[in-house]
Amino acid sequence: MNTNRQPPPGAILGGILILIGLSAIAVRYLDVFQGDAVWPLFIIGPGLLILVFGLFLPNIGMIIGGCVVATIGLILAWQNQTGLYATWAWIWAFIPIASGIGSLLGWLRTGDREQRDSGLNQVAIGAGLLAVFYLFFEQFIGLSGGQLAVAEWVMPVVLVALGILILVRGFIGAVKTESDQAT
């Protein structure tokens, strides 16, 4: 994939205007981020802008940074809506997941296999940390004042997804090892 391709003139500005317009629609018509709940937009918005810039300027650091900042803003928005600020003890594990997603987006943008492998590792590690810390803090000690109302199928799905990520990573490593031995 050609990583030296420049975005068309106005593409970045167009992306920014789309994000601002969609945010305005969400605030105005979907009754989200009303009153005191508006402040997370000041974190989510810049994160999305950094992500868009990174996608148009093949800059993997900006892609990863934008994913992380936007994710932190979304976490804070959820905590602000629910009042469950104590969940920060385990919900921070979404940050390595966001970093991994950013790496995977970087791989899609550049075709760099090391970026793909790094992204898969980060998502798998983050999902594992999230599962372990969620189970410990919410299901075992009830940090948020009792067990959070999470559907019974969520944790099994998280464990299956984690298993799939580890399995895919194992196959990628096995194929890489076989190709290295063949050369």
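What counts and what doesn't
- Residues numbered from 1 in each chain as written.
- Predicted model: local features only at pLDDT ≥ 70, side-chain atom pairs only at ≥ 80, totals over all residues.
- Heavy atoms only, no water.
- Patch = residues over 30% accessible without salt bridge, like charges linked within 9 Å, V, L, I, M, F, W, Y side chains within 5 Å.
- Areas by Shrake-Rupley, 256 points an atom, 1.4 Å probe, with all protein chains shown as cover.
- Salt bridge = Lys/Arg side-chain N within 4 Å of Asp/Glu carboxyl O.
- Helix = DSSP H or I, 4+ residues; strand = E, 2+ residues; numbered from the N terminus.
- Phe/Tyr/Trp six-rings, centres within 6.5 Å; stacked < 30°, edge-to-face > 60°.
- Buried < 20%, exposed > 50% of the residue type's maximum accessible area, 1.4 Å probe, protein only.
- Core = buried A, V, L, I, M, F, W, Y, C linked by side-chain atoms within 4.5 Å.
- Contact = heavy atoms within 4.5 Å.

Colleague: Before we move on, can you summarise a nonpolar patch on the surface with the specific residues and values?
Modeller: The grouping of Phe136, Phe140, Ile141 and Leu143 at the surface amounts to a nonpolar patch, some 400 Å² of accessible area in total. Tracing the backbone shows Phe136 in helix H6 (residues 113–140).

Colleague: Talk me through the packing of aromatic side chains; I want residue IDs and the actual numbers.
Modeller: Here the structure, examined in full by the defined rule, presents four aromatic pairs. Aromatic side chains Trp92 and Phe133 sit 5.5 Å apart centroid to centroid with 50 degrees between the ring planes, which places their arrangement in the tilted category. Placement of the pair is Trp92 in the loop between helix H4 (88–91) and helix H5 (94–110) and Phe133 in helix H6, with a sequence separation of 41 residues. On the accessibility criterion, Phe133 (26% relative accessible area) is partly exposed. Arranged with centres 5.0 Å apart and planes meeting at 80 degrees, the rings of Phe136 and Phe137 form a pair that is edge-to-face. Its relative accessible area of 17% is what places Phe137 among the buried residues.

Colleague: Before we move on, could you go through the nonpolar core and cite the residues and values that matter?
Modeller: Counting 15 residues, the largest nonpolar core has Trp90, Leu130 and Leu165 as its most contacted members. Elements that contribute at least two residues to this core include exactly H4, H6 and helix H7 (154–182). No other element matches the seven residues that H6 contributes to this core. Excluding residues that lie within four positions of it along the chain, Leu130 makes contacts with Trp90, Ile91, Ala93, Phe94 and Ile97. Grouped together as the second largest cluster of nonpolar side chains are seven residues, Leu51, Ile60, Ile64 and Ala98 included.

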